[in-house]
Amino acid sequence: QVQLVESGGGLVQAGGSLRLSCAASGRTFSSYIIGWFRQAPGKEREFVAAISWRAEMRYYADSVKGRFTISRDNAKNTGALAMNILKPEDTAVYYCAASTLYGSRSPGDFGSWGQGTQVTVSS
């Protein structure tokens, strides 16, 4: 039901920062868990971070913990992923997704997906 659109990707040097945004189409966005996933060429789509609808619970993949910060603004129907100290291994297409399953970290549990935004980190 929820339509999602990512933005904010780009090309950055290692050590730099980017902020990704996720815009939802309707007020029902607040009912969903927001997850961020990424997929590099030839790799499986992997979990990056997730946040519950009241933002009381936030979870991160070990590879990004301490560098990425997930947030959401339910009044504006938006989510965000602030990425700091970026590494070449962070290069991937990043997707935001929505789930009704609390605490979900698996792509198969997320029913709504954006189209993705490319993040490229140079060495």
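Just so we're clear, the structure is a prediction, and the values are computed from it rather than from any experiment. (Residues numbered from 1 in each chain as written. Predicted model: local features only at pLDDT ≥ 70, side-chain atom pairs only at ≥ 80, totals over all residues. Heavy atoms only, no water.)

Novice: Whenever I open this one, the side chain of Thr117 confuses me. Can you help?
Specialist: Along the polypeptide, Thr117 turns up in strand 11 (residues 117-122). Polar contacts involving the side chain of Thr117 include one to the main-chain amide nitrogen of Gly9, which spans 3.1 Å. Among all residues touching Thr117, those that are not within four sequence positions of it are Glu6, Ser7, Gly8, Gly9, Leu20, Ala92, Val93 and Tyr94. (Helix = DSSP H or I, 4+ residues; strand = E, 2+ residues; numbered from the N terminus. Polar contact = N/O pair within 3.5 Å; in protein donor to acceptor, adjacent residues only side chain to side chain. Contact = heavy atoms within 4.5 Å.)

Novice: Looking at this structure, how should I read the environment of Tyr102?
Specialist: Of note, Tyr102 is situated in the loop between strand 9 (92-99) and strand 10 (112-113). Relative accessible area serves as the criterion here: at 53%, Tyr102 is assigned to the exposed category. Each C-alpha atom of the pair Tyr102 and Ile34 lies 9.8 Å from the other, and the pair is 68 residues apart in sequence. Residue contacts for Tyr102: discarding those within four places in its chain leaves Ile33, Ser52, Glu56 and Met57. (Buried < 20%, exposed > 50% of the residue type's maximum accessible area, 1.4 Å probe, protein only.)

Novice: It is not clear to me how the sheet that holds strand 8 (residues 78-83) should be interpreted in this structure. Could you clarify?
Specialist: In sheet architecture, strand pairing relies on hydrogen bonds along the backbone and comes in two forms, parallel and antiparallel. Reading across the sheet, the four strands line up as 1-3-8-7 and stay open at both edges, with antiparallel pairing between neighbours. Looking at which strands have only one partner, the edges of the open sheet turn out to be strand 1 (4-7) and strand 7 (68-73). Strand-to-strand twist in this sheet, taken as the mean axis angle between neighbours without regard to direction, amounts to 15 degrees. (Pairing = 2+ DSSP bridges. Axes fitted to C-alpha atoms, helices over the stretch in contact; angles between N-to-C directions.)

Novice: What should I look at first to understand the packing of aromatic side chains in this one?
Specialist: Centre distance and the angle of the planes are the two values used to describe a pair of aromatic rings. For the structure on display, the rule yields five aromatic pairs. On the numbers, 5.0 Å between centres and 80 degrees between planes, the contact of Phe37 with Phe110 is edge-to-face. One end of the pair, Phe37, is in strand 4 (residues 33-39); the other, Phe110, is in the loop between strand 9 and strand 10, with 73 residues separating them in the sequence. Given a relative accessible area of 0%, Phe37 falls into the buried group. On the numbers, 6.3 Å between centres and 80 degrees between planes, the contact of Tyr95 with Trp113 is edge-to-face. Taken together, the positions of Tyr95 in strand 9 and Trp113 in strand 10 put the pair 18 residues apart, joining distant regions of the chain. On the basis of relative accessible area, Tyr95 is assigned to the buried category, the value being 13%. By relative accessible area, which is 24% here, Trp113 ends up partly exposed. (Phe/Tyr/Trp six-rings, centres within 6.5 Å; stacked < 30°, edge-to-face > 60°.)

Novice: I'm lost on the environment of Cys22 in this one. Help?
Specialist: Mapping Cys22 onto the fold places it in strand 3 (residues 18-24). As a C-alpha pair, Cys22 and Arg72 span 50 residues in sequence and 8.9 Å in three-dimensional space.

Novice: Which parts of the structure should I look at to understand the side chain of Ser99?
Specialist: With respect to the helices and strands, the residue Ser99 is situated in strand 9. A relative accessible area of 1% places Ser99 in the buried class. One polar contact links the side chain of Ser99 to the main-chain amide nitrogen of Leu101, over a distance of 3.0 Å. For Ser99, the residues in contact, after removing those within four places along its chain, are Tyr32, Ile33, Ser104, Asp109 and Phe110.

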